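Overview (structure and organization)
Each chain, written out:
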Amino acid sequence: KEFLNMCKNKYSLKIAGAMCIPPVEKNPRKYFDSMYKICKKENIENISMGMSNDYKEAIICGATTVRIGSLIFGERGS
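Throughout what follows, the structure given in this document is the object of discussion. Remember, it's a predicted structure, so these values are computed and weren't measured experimentally.

1. Side note on the pairing of strand β2 (residues 46-51)
Alignment of strand β1 (residues 17-20) against β2, held across four bridges, turns out to be parallel. Within β2, the position partnered with C20 by the bridge is M49. Assessed by its sense of winding, the connection that carries the chain from β1 through helix α2 (residues 29-41) to β2 is right-handed. Crossover handedness for the path β2 to helix α3 (residues 55-60) to strand β3 (residues 65-67): right-handed.

Written out as structure tokens, the structure reads:
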């Protein structure tokens, strides 16, 4: 809440969206649910959460954008 207020009030930024990437070895559901609740409370419409390994869960939790690059292009090379 404080961060959003600072962005809006101090820097006059319009918050157009938010992105959530949960910890790799944790169940993403609680992080996605939390992000969704924050976005709804703050009237943030664009919610980017979920990647190739957890996009289905993100969609269930209200994501408006998912990032599925490795499903389309394959894993990154080193």
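2. Focus on unusual backbone geometry
A positive phi is found at S12, a non-glycine position, where the angle reads about 55°. Among the secondary structure elements, S12 is positioned in the loop between α1 (2-10) and β1. Accessibility expressed as a relative area gives 64% for S12, which makes it exposed. A positive phi angle, near 55°, is found at N43, a position not held by glycine. Here N43 lies in the loop between α2 and β2. Residue N43 is classed as exposed on the basis of its relative accessible area, which comes to 66%.

3. Some points on the state of the cysteines
Following the criterion strictly, the structure yields zero disulfides and no others. Between C7, a cysteine without a disulfide, and C39, which holds the nearest cysteine sulfur, the sulfur-to-sulfur distance is 13 Å. The thiol of C39 is not disulfide-bonded; the next cysteine sulfur, from C20, is found 8.8 Å away.

Basis of the calculations
- Residues numbered from 1 in each chain as written.
- Predicted model: local features only at pLDDT ≥ 70, side-chain atom pairs only at ≥ 80, totals over all residues.
- Heavy atoms only, no water.
- Pairing = 2+ DSSP bridges.
- Helix = DSSP H or I, 4+ residues; strand = E, 2+ residues; numbered from the N terminus.
- Right-handed = clockwise from strand over helix to strand, strands pointing away.
- Buried < 20%, exposed > 50% of the residue type's maximum accessible area, 1.4 Å probe, protein only.
- Disulfide = S-S within 2.5 Å.

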